[in-house]
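Residues per chain, in single letters:
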Amino acid sequence: MPENNRKIALELGLQEEEYQKILTILGRTPTPTEIAMFSVEWSEHCGYPHSRKWFELFPREGNFAALVGEDAGGIVYQGTAIVFKMESHNHPSQVEPRQGAATGIGGIIRDILGSGARPIACLDSLHFGSLDDRRSRYLLKGVVDGIAFYGNCVGVPTVAGELCFHPSFQGNCLVNVMCLGVAPREALAPARAQGEGNLILYVGNKTGRDGIGGCSVLASQEFGEGEEKRPSVQIGDPFTEKCLIEATLEALESGYVLGIKDMGAAGLTCSSSEMAASGECGVEIDLNRVPVREENMEAWEIMMSESQERMLLCVDKEHEQQVIDIFHKWGLEAATIGRVITQDKVVIKQRGEVVAQIPAQALTQPPVYDPPQIKPAYLDEVNDARWRKIFPPSDWGEVLTKMVSSPNLSSRRWVYEQYDHMVQTNTVVLPGSGTVILRIKDEKWGIGVTSDCNPVYCYLDPYRGTQIAVAEAARNLASVGARPAGITDCLNFGNPQKPDRYWQFVQAIKGLAEAARFFGLPVVSGNVSFYNESPQGAVHPTPTIGMVGIIEDVNRAISSSFTQEGSWVILLGDTKEELGGSEYLQLMFGLEVGPPPEVNLETERKLQNLLLDLVSRGLLLSSLDLSEGGLALALVEGCVTGEQAMGVKVELESLGSMREDALLFGESCGRALVSVSPACLAQVQSICEKYEIPARVLGKTGGDKLVVEKSSRVLISTKVDKIARLWTDALSSLL
Amino acid sequence: MKFGVVVFPGSNCDHDCYYALSQVVGVETTLLWHQERDLKNCDAVVLPGGFSYGDYLRTGAIARFSPIMDSIRQFAQAGGLVLGICNGFQILLESGLLPGALLPNRSGHFICRFVYLRVENNRTPFTSLFQLGEVLKIPIAHNQGNFFASSTDIRSFLDNRQVVFRYCDSRGEVTEVSNPNGSLESIAGLTNCEGNVMGMMPHPERSAEEILGSTDGKKVFQSIVKWWEEKEIARK
């Protein structure tokens, strides 16, 4: 028997040493149910054994009051808590894209709901293999369909995100989803059980045999060849989730709910043990009272199931029925399945017998590993600046045409139009025209949201690449007038037991921590996704940064689109001769070489403050930070994203002498493109001087052409409606 | 005047309609729970958008059996004003309060974007503040907004001036390109014969404030208020 149990443990993904540790904790051989519980709670996905020790590097406070901890991660502004978190659903989406992505949205929404906040927006950061591969197209369509299916029905707008194609994601796509919610600060609910004899209430969907081992078997192992993991993917029911949102918020308002936690990864095991541990008490649960979809479910199945749309509540024992009635009104299951006890243990009973009895603290404190790190050998090879020897093409108009219709740089309209990005009527700057801004009804202020990461930069230099991601997200927000306030992250890497992958991870953590601290941004929540590997190798390191900012006057929000003929177009910040890691090199020459552009955090901060100042004074007509595709793509976006396409004519001589491709398509950090009415030009220039940010007037908007000249020589001259068509239709025509 | 906004399980534009009516238009508004039969003396009822019962069956097919729909049917038959928006339009069709059907979009996808509408009839309670032929900017967000009916029915809708809104371009031209979902005759909004029940796929509550990019939707609600107030004065 003991030997058999050991075998079960190893099959469920526990390590030999972990099994030994369990023997020590319990002082006896664990039951199968206990093994199951340890296997999910200590899995990489739930317990973070390979990453937890690094989290202490992250800043926990910053420019705004921060909420960092077990219950909810977020910031507080004028008494309102803005709670946000990002999570991965990579492996489920790779196996079953529609349901994998849908349940990713469902899960992250419940995460926010569990803090007591109403979910007000979602974002999705998606990475797939090359678009010319059939399977990548299948995955993309399935994932977008899944997010639309779930998000649209549940009534939470999907407002922003990223979409990136790169061969490294061929066998392992990345689906990172973020949700944010708001609540009065005092209405947030703790994720803990409390008060002996109070009741543990199970609400939402019934428990079935779906998603068993989702977090341990599926999310915490590499993809091998030809394995069948589809049964570990959960099935989403957005209608039930919508009812669950309304019922839960109503129940919280009643005041009888003392603690709440979503049942996500590791389901009932995670929610019950973590509520007990953080309440420094225990819980006793009777599995015969759990609403189940089918007869004769084993204890370990119920404890491991990741059936969706379920929450666990700790309810005041005097008011059980009032809370149950609220859930019944919304047509949901609600069953008292246990109670709070004073001892530090999670007791699970089935058919009158104790099937598991584990100290809650020990169960929720998985071992911490610090595996070896080795700097990967490829780094020197790819960072040799070999691009300097490339002979640039002669026809820049042709290059621009190719760039605007490429999978990575073209409009994301095909995606965001499939998402309801307007429901709740808070989206005041819509996707497709810069950084999205949400209003808060009846308040003057609003929220900017963005997500960012360039996996190629991070592959070439994980430390710098991650700092660029933080800097760019912050620049994104500042460019529309939102002061960066807090970070959530989703760190996607390969197998942490491989030293080169682990080195990348640690470098990214250090880069993130330093940049966040420098900008005064707390890391309020996050997620680590390891084992993103297929037989072809690991994905490019992708530490996705989700960032939230505050705009003091939401009426000042601006977009990236040129709005007025005859306005001055100004480039803020310096352009350097940098092409390493650029989309231009990858697309035109198939070259993935570094080094990625330099990032100077001090300059970035000055630029952020300058942009915030300019927007708050109402001096800008449009504003867009420069990123992939450089100045040329920023000009295109200015021209084509407005209600009517508008031309522009610019002269680049003032940017200094360098390769023309670097001028047009280089991705130097610390830059933004703004347009200003003639009457405000002098004032804008003097403010830029005050912030010590170079402001070069490049030209004027107007006409029906995009014209770029250098020393009076025409580099590009093209009709904007032609570019607009190419840019807008590229993605759907590539599918 | 008092509005009622029905809350079905799965409605997700109920709060948005409530906000637009009570806060933006400034008219008394109450929420009506689908299990109730009492319309609480409302003078107009809005069936909001969303996914009632998840729309797992045909859109609106389950919501029409809600107890409140019996009361709404009686209310409509007595001349009461009923506006169905998006899923609300679909529910009105399933309930038999409006003729026709809404099929999946021609593209096969959900579409969320601003579109233009041309006012085809301004002598309805829902459009009394518009000019005939006026071009409105109001967003759509749906999977199934592709209006369909037999050619005889379509003919009679046009003859009876039941077609209230048609999709068009920014200049008011009704073209193939300006039709986002494949609706016959680019129909975006339709009334019953009597003109007191209207269904529309676009969302007026999402275009009721300057900050949301358009105030054209607000005028739909204000039209209802104006029409009702004039009728009240005449009655007195």
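Because the structure is predicted, anything quoted here is derived from the model rather than measured.

Q: So what exactly am I meant to see when it comes to the overall build of chain A here?
A: For chain A, the count of helices and strands is 25 helices and 28 strands. Taken over the C-alpha trace, chain A has a radius of gyration of 26 Å; the compact-globule value for 735 residues is 27 Å, and the two agree within 12%. Summarising its shape, the C-alpha atoms of chain A cover approximately 85 × 55 × 40 Å along the three principal directions. Taking all 735 residues of chain A together, 66% fall into the buried category. Taking the contacts inside chain A whose residues are at least 6 apart along the sequence as the reference set, 85% of them involve residues at least 24 apart.

Q: Hey, could you run me through the overall build of chain B in this one?
A: A count of helical and extended segments in chain B gives 5 helices and 11 strands. Taking 18 Å as the expected radius of gyration for a compact globule of 236 residues, we find that chain B reaches 16 Å, a close match to that expectation. Overall, the C-alpha framework of chain B stretches about 45 × 40 × 40 Å when taken along its three principal axes. Here chain B holds 236 residues, and 63% of them are scored as buried.

Q: Honestly, empty space enclosed by the protein in this entry has me stumped. Any pointers?
A: Empty pockets left among the atoms are what a rolling probe the size of a water molecule brings to light. Within the structure shown, the criterion is met by 3 cavities of 30 Å³ or more. Its boundaries defined by the atoms lining it, the largest cavity holds a volume of some 60 Å³. Considering the residues around the largest cavity, the lining is formed by Met422, Thr425, Asn426, Thr427 and Leu430 of chain A together with Phe114, Pro139, Arg206 and Leu212 of chain B. For the lining of the largest cavity, the per-class residue count stands at 5 nonpolar, 3 polar and 1 charged.

Q: Please clarify how helix α7 (residues 134–154) of chain A should be interpreted in this entry.
A: In an α-helix there are 3.6 residues to a turn, and that puts residues three or four apart on one side. Residues and elements named next belong to chain A. Taking 1.5 Å per residue as the helical rise, α7 with its 21 residues ought to reach 30 Å, and the 30 Å between its terminal C-alpha atoms agrees with that figure. By the N-cap criterion, in which a side-chain oxygen at the helix start approaches the backbone nitrogen of a residue two or three places on, α7 is capped by aspartate 133, the distance to arginine 135 being 3.1 Å. Once α7 ends, the next one or two residues include glycine 155, with phi positive near 80 degrees.

Q: Help me understand the sheet that holds strand β14 (residues 427–429) of chain A in this model?
A: Across a sheet, paired strands are connected by hydrogen bonds in the backbone, their directions being either parallel or antiparallel. Residues and elements named next belong to chain A. Pairing is mixed in the open sheet, where 6 strands are placed in the order β14-β15-β16-β21-β17-β18. Only two strands of the sheet have a single neighbouring strand rather than two, namely β14 and β18 (523–529). The mean inter-strand angle of the sheet, taken between neighbouring strand axes irrespective of direction, is 25 degrees. Direction of pairing for strand β17 (residues 483–492) relative to β18: parallel, over a ladder of 6 bridges. Counted as the bridge partner of aspartate 489 is glycine 526 from β18.

Q: Is there a simple way to think about the pairing of strand β6 (residues 174–184) of chain A in this case?
A: Where a strand is regular, its side chains alternate between the two sheet faces. Residues and elements named next belong to chain A. The buried fraction of β6 amounts to 10 of the 11 residues, a majority that puts the element mostly inside the structure. Sheet topology note: the strand β3 (residues 80–88)/β6 ladder contains 9 bridges and is antiparallel. Across the sheet, glutamate 87 pairs through a bridge with valine 177, a residue of β6.

Q: Any chance you could explain the domain arrangement of chain A here in plain terms?
A: Bring the parts together and some accessible area is lost; that lost area is often taken as the interface size. Partitioning chain A into domains gives domain 1 (1–60 + 189–366), domain 2 (63–179 + 411–552) and domain 3 (558–735). Just the C-alpha atoms count here: the centres of domain 1 of chain A and domain 3 of chain A sit 50 Å apart.

Q: Sorry, what's going on with unusual backbone geometry here?
A: Peptide bonds are mostly trans, and most non-glycine residues show a negative phi. Residue and element names in this part refer to chain A. A cis amide bond links glycine 594 with the next residue in sequence, proline 595, at an omega value of 0 degrees. Secondary-structure assignment places proline 595 in the loop between α20 (583–589) and α21 (601–616). One non-glycine residue, tyrosine 48, lies in positive phi territory at about 50 degrees. Secondary-structure assignment places tyrosine 48 in the loop between α4 (44–47) and β1 (65–67).

Q: I'm lost on the interface of chain A and chain B in this one. Help?
A: With 34 residues of chain A in contact, the opposing surface of chain B contributes 29 residues. Contact between chain A and chain B buries roughly 2,600 Å² in total, counting both sides, with carbon and sulfur atoms accounting for 60%. Across the contact surface, chain A and chain B share 4 salt bridges. With its nearest N and O atoms 3.2 Å apart, the salt bridge here joins glutamate 643 of chain A to lysine 137 of chain B. Run the count over chain A and chain B and you get 11 residue pairs in polar contact (both at pLDDT 80 or more). Mapped by element, the contributors of at least two residues to the side of chain A that touches chain B are α7, α9 (238–254), α16 (413–416) and β14 of chain A.

Q: I'm lost on α9 of chain A in this one. Help?
A: Residue and element names in this part refer to chain A. For α9, which comprises 17 residues, the first-to-last C-alpha distance of 24 Å matches the rise-based estimate of 24 Å (1.5 Å per residue) to within 8%. A large share of α9 lies buried, amounting to 14 of its 17 residues. With its phi angle positive at about 85 degrees, glycine 255 sits one or two positions after the end of α9.

Q: How should the nonpolar core be read in this particular structure?
A: Across soluble globular proteins, you tend to see nonpolar side chains buried next to one another. By size, the foremost hydrophobic cluster in this structure holds 65 residues, and its most contacted members are Leu47, Ile72, Leu83, Phe147 and Phe165 of chain B. Setting aside its immediate chain neighbours within four residues, leucine 47 of chain B contacts Val6, Phe8, Met69, Ile72, Leu83, Gly84, Ile85, Gly88, Ile91 and Leu92 of chain B. Counting 63 residues, the second largest nonpolar core, distinct from the first, contains Ala101, Val144, Ala183 and Val323 of chain A.

Q: What's the story with the packing of aromatic side chains in this structure? I'm lost.
A: Geometry of an aromatic ring pair is reported as the spacing of the ring centres plus the angle between the planes. All names here are of chain A. Considering all chains together, one arrives at 22 aromatic pairs over all chains under this definition. Relative to phenylalanine 505, the ring of phenylalanine 493 lies with its centre 5.4 Å away and its plane at 85 degrees, an arrangement referred to as edge-to-face. Of the two residues, phenylalanine 493 sits in the loop between β17 and α19 (499–519) while phenylalanine 505 sits in helix α19, which places them 12 residues apart along the sequence. Judged by relative accessible area, which is 0%, phenylalanine 493 ranks as buried. Aromatic ring contacts, followed pair by pair, group Trp396, Tyr584, Phe589 and Phe665 into a single cluster. The cationic tip of lysine 53 hangs over the ring face of tryptophan 54; the distance from NZ or CZ to the ring centre is 4.4 Å.

Q: What exactly am I supposed to notice about a nonpolar patch on the surface here?
A: All names here are of chain B. Together, Leu103, Phe148 and Leu184 give the surface a local cluster of nonpolar side chains, amounting to about 230 Å² of exposed area. Locating phenylalanine 148 in the fold gives a position in strand β8 (residues 146–148). For phenylalanine 148, a relative accessible area of 42% translates into the label partly exposed.

Q: How should the pairing of β17 of chain A be read in this particular structure?
A: All names here are of chain A. Most of β17 sits out of view: 9 of its 10 residues are buried. As paired strands, β17 and strand β21 (residues 542–551) are joined by 9 bridges and run antiparallel to one another. What sits directly across from arginine 483, in β21, is isoleucine 550. As for the winding sense of the linkage, the β-α-β connection from β17 through α19 to β18 is right-handed.

Q: Is there a simple way to explain the environment of leucine 610 of chain A in this structure?
A: All names here are of chain A. Here leucine 610 lies in helix α21. Classification of leucine 610 by relative accessible area gives buried; the value is 0%. Separated by 19 residues in sequence, leucine 610 and glycine 629 have C-alpha atoms that sit 23 Å apart. Aside from chain neighbours lying at most four places away, what touches leucine 610 is Leu572, Ile687, Cys688, Tyr691 and Ile693.

Q: How do you make sense of the side chain of arginine 412 of chain A when you look at a structure like this?
A: All names here are of chain A. Mapped onto the fold, arginine 412 is located in the loop between α15 (396–404) and α16. Within polar-contact distance, the side chain of arginine 412 engages the backbone oxygen of proline 407 at 2.2 Å. Apart from the residues lying within four places of it in its own chain, the contact partners of arginine 412 are Leu163, Ser406, Pro407 and Leu731.

Q: Help me understand the pattern of salt bridges in this model?
A: A side chain of one charge can pair with a side chain of the opposite charge when the charged atoms of the two come close. Residues and elements named next belong to chain A. Summed over all chains, the structure comprises 51 salt bridges over all chains. Linking glutamate 301 and arginine 209 is a salt bridge whose minimum nitrogen-to-oxygen distance equals 2.8 Å. Placement of the pair is glutamate 301 in helix α11 (residues 299–304) and arginine 209 in the loop between β7 (199–204) and α8 (214–218), with a sequence separation of 92 residues. On the basis of relative accessible area, glutamate 301 is assigned to the buried category, the value being 9%. The class of arginine 209 is partly exposed, set by a relative accessible area of 33%.

Q: What is the right way to read the side chain of threonine 29 of chain B from this model?
A: Residues and elements named next belong to chain B. Mapped onto the fold, threonine 29 is located in strand β2 (residues 28–33). With a relative accessible area of 10%, threonine 29 lands in the buried category. Within the structure, threonine 29 has its side chain in polar contact with the backbone oxygen of valine 27 (distance 2.9 Å). With residues up to four places along the chain from it excluded, the contact list for threonine 29 reads Phe3, Val5, Tyr18, Leu21 and Ser22.

Q: What is the right way to look at the sheet that holds strand β4 (residues 81–85) of chain B in this model?
A: All names here are of chain B. Taking strand neighbours across the sheet as the criterion, the 9 strands line up as β2-β1-β3-β4-β11-β10-β9-β6-β7 in an open arrangement whose pairing is mixed. Looking at the sheet topology across the chains shown, the edges are occupied by β2 and β7 (135–142). Direction aside, the axes of adjacent strands within the sheet are offset by 25 degrees on average. In terms of strand pairing, β4 meets strand β11 (residues 197–200) through 4 bridges, oriented parallel.

Parameters and conventions
- In every chain, residue numbers begin from 1 and rise along the written sequence.
- Chain letters and ligand numbers both follow the written order, the letters beginning at A and the numbers at 1.
- Reporting of local features is limited, given that this is a predicted model, to residues whose pLDDT is at least 70; pairs of side-chain atoms are given and counted only at 80 or more, and all residues count toward the totals for whole chains, interfaces and linings.
- Each side-chain value is worked out from all heavy atoms of the structure, with water and hydrogens disregarded.
- Put simply, DSSP H or I for four residues or longer makes a helix, DSSP E for two residues or longer makes a strand, and each gets a number counted from the N terminus.
- In this setup the radius of gyration rests on C-alpha atoms only. A globule is expected at 2.2 Å times the number of residues raised to 0.38.
- Exposure classes here rest on a 1.4 Å probe applied to the protein chains alone. A residue is buried below 20% of its type maximum, exposed above 50%, and partly exposed in between.
- Contacts: residue pairs with any heavy atoms within 4.5 Å of one another.
- In this analysis, the protein atoms alone were mapped onto a 1 Å grid. Cavities are point sets where a 1.4 Å probe fits without being able to get out; pockets are open sets with protein on both sides within 12 Å along at least five of seven lines; lining residues have an atom within 4 Å of a point.
- Grid points are joined across faces, edges and corners, and a volume is the space filled by probe spheres set on the points.
- Amino acids outside the nonpolar list (Ala, Val, Leu, Ile, Met, Phe, Trp, Tyr, Cys, Pro) and the charged list (Asp, Glu, Lys, Arg) are all regarded as polar, and Gly is one of them.
- Helix span, expected: 1.5 Å multiplied by one less than the number of residues in the helix.
- Any pair of N or O atoms that falls within 3.5 Å is considered a polar contact. Within protein, one atom must be able to donate a hydrogen and the other to accept it, and sequence-neighbouring residues count only if both atoms are side-chain atoms.
- In this scheme, strands are said to pair when DSSP sees at least two bridges between them.
- Helix axes are fitted only over the stretch in contact, all axes being lines through C-alpha atoms; the angle between N-to-C directions runs from 0 to 180 degrees.
- As used throughout, domain bounds are those supplied by an automatic or database domain assignment.
- As used here, buried area is the combined drop in accessible area, with a 1.4 Å probe, of two parts when they are placed together.
- The salt bridge criterion pairs a side-chain nitrogen of Lys or Arg with a carboxyl oxygen of Asp or Glu, the two atoms within 4 Å.
- Working definition of a nonpolar core: buried Ala, Val, Leu, Ile, Met, Phe, Trp, Tyr and Cys residues. They are joined through side-chain atoms within 4.5 Å.
- The rule is short: rings of Phe, Tyr and Trp, with Trp giving its six-membered ring, pair when the centres are within 6.5 Å, and they are stacked under 30 degrees, edge-to-face over 60, tilted in between.
- Only when the NZ atom of a Lys or the CZ atom of an Arg is both within 6 Å of the ring centre and within 35 degrees of the ring normal do we say a charge sits over the ring.
- Patches here: salt-bridge-free residues with over 30% relative accessible area, like charges joined within 9 Å, nonpolar side chains (Val, Leu, Ile, Met, Phe, Trp, Tyr) joined within 5 Å.
- In these tables, accessible area is a Shrake-Rupley quantity obtained with a 1.4 Å probe, and a residue counts as shielded only by the protein chains included in the view.
- For crossovers, right-handed means that the path from the first strand over the helix to the second runs clockwise, given strands pointing away from the viewer.

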